[in-house]
Amino acid sequence: MVTLTRVILPSLLLLLLLLLLAPPLYHHLTLHFNTPSNSDYKTKLAGKRVLLCGIGYEVGEQLAYQLATHGAKLVIFYRADGRQKTLLNLQKTFELTDDVIQIIQPLMVARTDTKAMEIKETAVKLGSPQTEIYPFNFGNTTTAHVVVDTAVSLLGGLDYVILNHADIPRGLFLHSLKLQNQDFLHRTFSVNVYSYIEIALRALPHLEKTSGHMFVSSSVLGEVPEPGLSVFSSTKHALTGFFTSLQLELQKRRSSVGLTVGRLGVMKSTELRALLDVPEFLMGDILECAVGIMNSIVKRQRSFVYPVVHTHFAGLLWAI
């Protein structure tokens, strides 16, 4: 009995721990030591035409800088519909009058547009031969084709498409009439799911011509649910399900288009950090994530998981 408790059980627990750690450690080592060299990046990215949607949660911004550093041409669209949502929240929370809102609105627009121009200027300084940036309402799926048409018109075609925009509604679903509102649900799904599908379908013929690649930012919450983020989690479940199925369809038709589905977890200094109870040592680094996304695009991976340890353990704990 002493041998069982002192020797065998600890050995079994150690073996189990090693088996659980093996996948995330493998991905972590792959990210760090199997990364293309700068010359490889230049070959794959210099002069390439990239459509990037979504820079609002810092990872997209850093990704734009990384692509620019290696000479990519960029057309960037950022969410304009988020400004109206923020105004409505401010008006409700602080009971602001319409007169006050009219004063705040142009200041908010100016601040957002100024940040966008700063991103454009930085990208050009880093080495992008062409960078254009525009606001867009991703909640209006009937005009989603404009994103692709504009990028093709400006760049003459597409080599890479990166879909990274998102709306993150939060709050306990059963306690919030707003979250239960059908119009609100439809708008959130329009931003997080329907616009992705519309843009992807519009971009596919252009990517077929160049044997291009697409990256879709999903989330660990597309596999592991979280109370207080039920609506966001449901959109990411839908996104993961659709685009992993689309991968199989592209493979079946022997398409030359590559597709990476990213499963992103909690990063330091991002909005999700305040919403999820995750120890800081399990959080990812924004710059490292951006480099990893670029790496997955260049290598035409089917999936990208980051941060690997937190994402794998979250899935494991949910399965248990």
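Everything discussed here concerns the structure shown above.
These numbers come from a predicted model, not from an experiment.

## Here's the deal with helix H6 (residues 145–155)
Now for step 1: Regarding H6, the residues found buried are Val147, Val148, Ala151, Val152 and Leu155. The buried residues of H6 occupy an angular sector of 120 degrees when the element is viewed end-on, so they sit on one face.
Now for step 2: Looking at the buried residues of H6, the elements they touch are strand S1 (49–53), strand S2 (73–79), strand S3 (131–136) and helix H8 (182–210).
Now for step 3: The positive-phi residue at the C-terminal boundary of H6 is Gly156, with phi of around 85 degrees.

## Notes on the environment of Gly139
Now for step 1: Here Gly139 shows up in the loop between S3 and H6.
Now for step 2: Take Gly139: its relative accessible area is 23%, and that puts it in the partly exposed class.
Now for step 3: Sequence separation of Gly139 and Asp167 is 28 residues, and the distance between their C-alpha atoms is 9.5 Å.

## Notes on the packing of H6 against H8
Now for step 1: In the contact formed by H6 and H8, the axes pass within 8 Å of each other and the chain directions differ by 30 degrees. With respect to each other, H6 and H8 are oriented roughly parallel. The way H6 lies across H8 gives a crossing that is right-handed. Two secondary-structure elements touch here, H6 through His145, Val147, Val148, Asp149 and Val152 and H8 through Ile199, Arg202, Ala203 and His206.
Now for step 2: Along the lines of polarity and charge, the residues of the contact of H6 with H8 split into 5 nonpolar, 2 polar and 2 charged.

## Let's talk about the nonpolar core
Now for step 1: In terms of nonpolar packing, the biggest core is built from 33 residues, with Leu63, Leu67, Leu74, Ile76, Ile162, Cys289 and Ile293 touching the most fellow members.
Now for step 2: Of all the elements in the fold, those that place two or more residues in this core are helix H2 (38–45), S1, helix H3 (59–69), S2, helix H5 (98–126), strand S4 (160–163), helix H10 (286–298) and strand S7 (303–306).
Now for step 3: The leading source of residues in this core is H10, at 7 residues.
Now for step 4: Residues Leu51, Val147, Leu163 and Val257 belong to the second largest nonpolar core, which totals 31 residues.

## Some remarks on the sheet that holds S2
Now for step 1: Across the sheet, 7 strands lie side by side as S3-S2-S1-S4-S5-S6-S7; this open sheet has parallel pairing. The open sheet terminates on both sides in strands that have one partner only, identified here as S3 and S7. Looking at each pair of strands side by side, their axes are set apart by 15 degrees on average, direction ignored.
Now for step 2: Pairing geometry for S1 and S2, over 5 bridges, is parallel. In the sheet register, Cys53 faces S2, and the bridge partner there is Phe77.

## Quick look at the packing of aromatic side chains
Now for step 1: In the structure shown here, the tally under the stated rule is 7 aromatic pairs.
Now for step 2: Aromatic pair Phe136 and Phe138: ring centres 5.1 Å apart, planes at 70 degrees, arrangement edge-to-face.
Now for step 3: In this structure Phe138 comes out as buried when scored by relative accessible area, which is 0%.
Now for step 4: Relative to Tyr194, the ring of Phe189 lies with its centre 6.3 Å away and its plane at 40 degrees, an arrangement referred to as tilted.

## A look at the pattern of salt bridges
Now for step 1: With the rule as written, the count across this model stands at 7 salt bridges.
Now for step 2: Salt-bridge contacts for Lys115 lead to Glu61; the nearest nitrogen and oxygen are separated by 3.2 Å. One end of the pair, Lys115, is in helix H5; the other, Glu61, is in helix H3, with 54 residues separating them in the sequence.
Now for step 3: For the salt bridge of Asp167 with Arg79, the shortest nitrogen-to-oxygen distance reads 3.9 Å. Of this pair, Asp167 sits in the loop between S4 and helix H7 (177–180) while Arg79 sits in strand S2; the two residues are 88 residues apart in sequence, bridging distant segments of the chain. In this pair, the class of Asp167 matches that of Arg79, namely buried.
Now for step 4: A cluster of three or more residues bridged by salt bridges with shared partners is formed by Arg79, Asp167 and Arg187.

Thresholds applied
- Residues numbered from 1 in each chain as written.
- Predicted model: local features only at pLDDT ≥ 70, side-chain atom pairs only at ≥ 80, totals over all residues.
- Heavy atoms only, no water.
- Buried < 20%, exposed > 50% of the residue type's maximum accessible area, 1.4 Å probe, protein only.
- Helix = DSSP H or I, 4+ residues; strand = E, 2+ residues; numbered from the N terminus.
- Arc of directions from axis to C-beta.
- Contact = heavy atoms within 4.5 Å.
- Axes fitted to C-alpha atoms, helices over the stretch in contact; angles between N-to-C directions.
- Parallel < 35°, antiparallel > 145°, perpendicular 65-115°, else oblique.
- Left-handed = near helix turned anticlockwise from the far one by under 90°.
- Nonpolar A, V, L, I, M, F, W, Y, C, P; charged D, E, K, R; others polar.
- Core = buried A, V, L, I, M, F, W, Y, C linked by side-chain atoms within 4.5 Å.
- Pairing = 2+ DSSP bridges.
- Phe/Tyr/Trp six-rings, centres within 6.5 Å; stacked < 30°, edge-to-face > 60°.
- Salt bridge = Lys/Arg side-chain N within 4 Å of Asp/Glu carboxyl O.

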